[in-house]
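Residues per chain, in single letters:
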Amino acid sequence: MKGTVGELGEFGLIRELTSRLTTTPAVRLGPGDDAAVVAAPDRRVVASTDILLEGRHFRRDWSTAYDVGRKAAAQNLADIAAMGAVPTALLLGLVVPADLPVTWAAELMDGLRDECQVAGAAVVGGDVVGGDTITVAITALGDLRNHEPVTRSGARPGDVVAVTGWLGWSAAGYAVLSRGFRSPRAFVEAHRRPEPPYHAGPAAAGLGATAMTDVSDGLVADLGHIAEASKCRIDLRSGLIDIPSQMSDIGQAVGVDPLQWVLTGGEDHAIVATFPPDVKLPARWKVIGEVLNPSALPQVTVDGAPWTSKGGWDHFGSIEDTHPRG
């Protein structure tokens, strides 16, 4: 795989990338034709799409191509799981400059493939285009397996709010990387390569979750979508939210309250859901708040008060109002 993608050419690059892929029983026809064919036993397809742009969503001096592939797949497959569906397939749209080493593109595909395998899905096709900036566009598909989708609009007063997965780890890792360090490694790796609890989405649907989302833009921001769609108030209890001692140490070192990362740091892709109060939740779920009647406008509060600190990701917000992605 010596040389650049320009030297290899479009079709040579496609052959190289597709040769690295694996499949699953849901894939009836994979890459190589005009379109792929994926089984949809439920007769409904859950679909989500996302774009990663070099310099805005990832940096090659911080993350390997393999990391970028894992991350790109994870953030899309997590959206499928957050609907209560099982991920089945992923499509890739890739824009790369002609002078990009072929090895970078190949390692990206390895990352996509391996993250799909974790979720039980497969890369089934896509497109490659030449351009000035590396852009990774992903479309993920999933199957509901005869269950109803869990949307953002079903939370009801009296429900509990529970989360499974990491919160604030990616933001803490970003803080470490932005200061030129590479440790603590666990937090840096959480930023480079998130680990969504894919199984938790369909499991939550089976437990009777009334609303659900993954934490991609920050806990307060993402629960804000549920509060707005469900026309309710969600109150988080800071004392119920676990903050690892190492995260506290990082916060002390950089002068940041780690609760800020937990509440507003995105890209961990934890699953947060609301459940009826009588549901017995498995140990993997941690209750962190409750759903209340809205006092005025639907909103998220922390310990009964509005969260006024800046944070949460907005693609068109000013940089100081967001958690920049690396």
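Thresholds, definitions, all that
Residues numbered from 1 in each chain as written. Predicted model: local features only at pLDDT ≥ 70, side-chain atom pairs only at ≥ 80, totals over all residues. Heavy atoms only, no water. Domains from an automatic or database assignment. Contact = heavy atoms within 4.5 Å. Buried area = accessible area lost by both parts, 1.4 Å probe. Phe/Tyr/Trp six-rings, centres within 6.5 Å; stacked < 30°, edge-to-face > 60°. Lys NZ or Arg CZ within 6 Å of the ring centre and 35° of its normal. 1 Å grid on protein atoms, 1.4 Å probe; cavity = no way out; pocket = protein on both sides within 12 Å on 5 of 7 lines; lining within 4 Å. Points joined across faces, edges and corners; volume = space filled by probe spheres on them. Helix = DSSP H or I, 4+ residues; strand = E, 2+ residues; numbered from the N terminus. Nonpolar A, V, L, I, M, F, W, Y, C, P; charged D, E, K, R; others polar.

(A) Spatial organisation of the domain arrangement of the protein. Each domain of the protein was delimited in the assignment, giving domain 1 (3-141) and domain 2 (157-304). Summarising the inter-unit geometry, the C-alpha centres of domain 1 and domain 2 are found 27 Å apart. Counting from both sides, the interface comprises 21 residues of domain 1 and, opposite them, 19 residues of domain 2. Across the domain 1/domain 2 interface, buried area totals approximately 1,700 Å², and carbon plus sulfur atoms make up 59% of it.

(B) Representation of the packing of aromatic side chains within the structure. Taken as a whole and judged by the stated rule, the model has five aromatic pairs. Following the ring pairs from residue to residue traces out a cluster consisting of Trp166, Trp169 and Phe187. Stacked on the ring of tryptophan 62, the Lys or Arg arginine 59 has its end atom at 4.0 Å from the ring centre.

(C) Summary view of the layout of surface pockets. The computed volume of the largest pocket comes to approximately 380 Å³. In terms of lining, the largest pocket is formed by 24 residues, of which the most central are Ser48, Asp79, Arg152, Asp214 and Ser216. The element that contributes the greatest number of residues to the lining of the largest pocket is strand β3 (residues 46-53), accounting for six residues. Partitioned by chemical class, the residues of the lining of the largest pocket number eight nonpolar, nine polar and seven charged. Here the lining of the largest pocket spans two domains, and each of domain 1 (3-141) and domain 2 (157-304) adds at least three residues to it. When its volume is computed, the second largest pocket comes out at roughly 290 Å³. Lining the second largest pocket are 20 residues, and of these Thr18, Pro31, Gly125, Gly126 and Asp127 lie nearest its centre. Breaking the lining of the second largest pocket down by element, the ones donating at least two residues are α2 (10-18), β4 (86-96) and β5 (122-130). In terms of residue count, the dominant contributor to the lining of the second largest pocket is β5 (six residues). Counted by class, the lining of the second largest pocket contains twelve nonpolar, five polar and three charged residues.

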